[in-house]
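Topology and contacts: notes
Spelled out from the first residue to the last, the chains are:
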Amino acid sequence: MNNIHVQQLFIYPVKGLSPQKCDRVLLQVGHGIPGDRTFALMYQEEDSLHHSCYDVPWMKKKHFITQNDWSALGALDSYYDAAINTLTVKRDGVELLVADTVSPSGRDRIAAFFTGYLAAIHPTHAARHPERAPLQFVGEFGKTRYPDREPAHISIVSQATINHLSELAGQTVDVRRFRPNIVLEGVSAWEEFDWVGQEMQIGTARIAITARINRCLNIHVNPETGEQDIALLSLLQKHFKHTQTGVVAKIITSGSMEIGDQISDINLSQQFLYSEENGSCVLNVLN
C-alpha cells in the first residue's frame, strides 16, 4: 500500500473544456476541489435563465456545453489564471481568446466566442443537446461547481487501468480522455474498483470512495484533436461487459494533496451507501 501515490492532478476550471495540471490542490468537505468545474457555458434557454451569471446554482449537464455533445471542444487548449482572473483559449498554439472572468464585458466576450465556435462545428451523432443556442458564461471561481452530479465529488483512476486499455486498443490511450482529478501510480489495473466503500488518507485529507464511474462518449474524444477516434465504450463492453473506469470519492476531512502523496490507512467507510444496480455502486460522469 505504501507504493500507491499521486502521479498527476488535474482540475477543469471550465466544465467541458481542457484540463489544467496542478502540483497541489485543496480538498474541501461538501465542495470537492475549489476551482474544479467552477465555470460553465450554459445554454440561454427559458428554463435556465438567471439574472446573475455569478451564482447560478448547480444544474444537470444538459444545460451546459460538453465534449460529449460537441467533441471539437477538445481541440481547444484553455488555461485559467486565477491570479488575474483571466481565461485564455488557444487552438494549435494560436491564441483565439483572452478575457477576464470577472467583468460583465469579459464574460460576454467568452460567451460570444463559444457561441460562435459552436456555430462553426457539428454536434456528435449522439448529442443530447445538438441545438445551437446563445451561451452564457456562469460561475465564480472557487465558489460554484458544476460537476455532472449534484453531490460534491472528485474522480480517481489508476495509470495501470489506462495502460491496460492502451494494450487492448493497440494504441496509447491518453488519461485525459477520462477527465480525472487524480491519477494514481502503484495500483494494479482495475484495483480502484475494489476500493468502493472504503475510506483512505491522501495527503492531509481523508476521502471515501463511493462509486465506479459509468462512462459516456466523452472518452472517445482525442484531447489533442477533438476527434472521436477510439471506440472505447465498445472496447470496454467487449472485454469487461461494462463501460466503467475509475471511481468517484467524497471528501470527509478537508485538507490538501500534492504530486507524490501516498495513499494510506484504507478501511471500510461508515458513510458508504450500497447500490443494488448490477451489484455495485455506479455513477455516470464526467465532463
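Residues numbered from 1 in each chain as written. Predicted model: local features only at pLDDT ≥ 70, side-chain atom pairs only at ≥ 80, totals over all residues. Heavy atoms only, no water.

1. Notes on the overall build of the chain
When its secondary structure is counted, the chain shows three helices and 16 strands. Here the C-alpha radius of gyration of the chain, 18 Å, is about what a compact globule of 287 residues would show, namely 19 Å. Principal-axis analysis of the C-alpha atoms places the extent of the chain at approximately 50 × 40 × 35 Å. By the burial criterion, 55% of the 287 residues in the chain qualify as buried. Of the contacts made within the chain by residues no fewer than 6 positions apart, 74% connect residues no fewer than 24 positions apart. Total accessible area computed for the chain in this model is approximately 12400 Å², and 49% of it derives from carbon and sulfur atoms. (Helix = DSSP H or I, 4+ residues; strand = E, 2+ residues; numbered from the N terminus. Rg over C-alpha atoms; globule rule 2.2 N^0.38 Å. Buried < 20%, exposed > 50% of the residue type's maximum accessible area, 1.4 Å probe, protein only. Contact = heavy atoms within 4.5 Å. Areas by Shrake-Rupley, 256 points an atom, 1.4 Å probe, with all protein chains shown as cover.)

2. Overview of the side chain of arginine 145
Counting through the fold element by element, arginine 145 comes out in the loop between β8 (135-139) and β9 (154-158). Residue classification places arginine 145 among the buried positions, given a relative accessible area of 9%. A distance of 2.7 Å separates polar atoms of two side chains, one belonging to arginine 145 and the other to aspartate 36. One polar contact links the side chain of arginine 145 to the main-chain carbonyl oxygen of histidine 153, over a distance of 3.2 Å. Beyond its immediate sequence surroundings of up to four residues, arginine 145 is in contact with His31, Gly32, Ile33, Asp36, Arg37, Thr38, Trp58, Ala152 and His153. (Polar contact = N/O pair within 3.5 Å; in protein donor to acceptor, adjacent residues only side chain to side chain.)

3. Some thoughts on the nonpolar core
Formed by 43 residues in total, the largest nonpolar core has its most connected members in Ile182, Leu184, Ile207 and Ile209. Isoleucine 182 has contacts with Val6, Gln8, Leu9, Ile154, Ser155, Ile156, Val157, Ile202 and Met257, leaving out every residue within four places of it along the chain. Of all hydrophobic cores here, the second largest spans 25 residues; its members include Val14, Ala75, Leu76 and Ile110. (Core = buried A, V, L, I, M, F, W, Y, C linked by side-chain atoms within 4.5 Å.)

4. Topic: the packing of aromatic side chains
Overall, the coordinates contain nine aromatic pairs when judged by the stated rule. For the pair phenylalanine 113 and phenylalanine 114, a centre-to-centre distance of 4.9 Å together with 90° between the ring planes defines the contact as edge-to-face. Of the two residues examined, phenylalanine 113 and phenylalanine 114, each falls in the buried class. Aromatic side chains tryptophan 190 and phenylalanine 193 sit 5.7 Å apart centroid to centroid with 55° between the ring planes, which places their arrangement in the tilted category. (Phe/Tyr/Trp six-rings, centres within 6.5 Å; stacked < 30°, edge-to-face > 60°.)

5. Digging into helix α2 (residues 159-169)
For α2, the complete set of buried residues consists of Gln159, Thr161, Ile162, Leu165 and Ser166. Burial along α2 is one-sided: seen end-on, the buried residues are contained in an arc of 160°. The secondary structure elements touched by the buried residues of α2 are β1 (5-11), β9, β10 (182-185), α3 (232-240) and β13 (244-253). Once α2 ends, the next one or two residues include glycine 170, with phi positive near 75°. (Arc of directions from axis to C-beta.)

6. Section: the sheet that holds strand β7 (residues 94-100)
As summarised here, the arrangement of the three strands in space is β5-β6-β7, forming an open sheet in which the pairing is antiparallel. Either end of the sheet is taken by a strand with one partner, and the two such strands are β5 (77-81) and β7. Each adjacent strand pair in this sheet contributes to an overall mean axis angle of 15°, direction not counted. Of the strand pairs in this sheet, β5 and strand β6 (residues 86-91) are connected by five bridges, and their pairing is antiparallel. Bridging across to β6, tyrosine 80 finds its partner in leucine 87. Lying over the sheet, helix α1 (residues 104-119) contacts β6 and β7, oriented at roughly 145° with respect to β7. (Pairing = 2+ DSSP bridges. Axes fitted to C-alpha atoms, helices over the stretch in contact; angles between N-to-C directions.)

7. A short note on the UniProt feature "domain: MOSC" (unreviewed entry) in the chain
Listed under "domain: MOSC" (unreviewed entry) in the UniProt record, and renumbered for this structure, are residues 125-266. Split by type, residues 125-266 is 14% helix and 33% strand. Its first and last C-alpha atoms lie 42 Å apart. (UniProt positions renumbered as here; feature names shortened; annotations may be inferred.)

8. Thoughts on the environment of aspartate 23
With respect to the secondary-structure elements, aspartate 23 resides in the loop between β2 (20-22) and β3 (24-27). Considered as a pair, aspartate 23 and isoleucine 259 are 236 residues apart in the sequence and their alpha carbons are 5.6 Å apart. Once residues lying within four places of it in the same chain are set aside, the contact partners of aspartate 23 are Leu9, Met257, Glu258 and Ile259.

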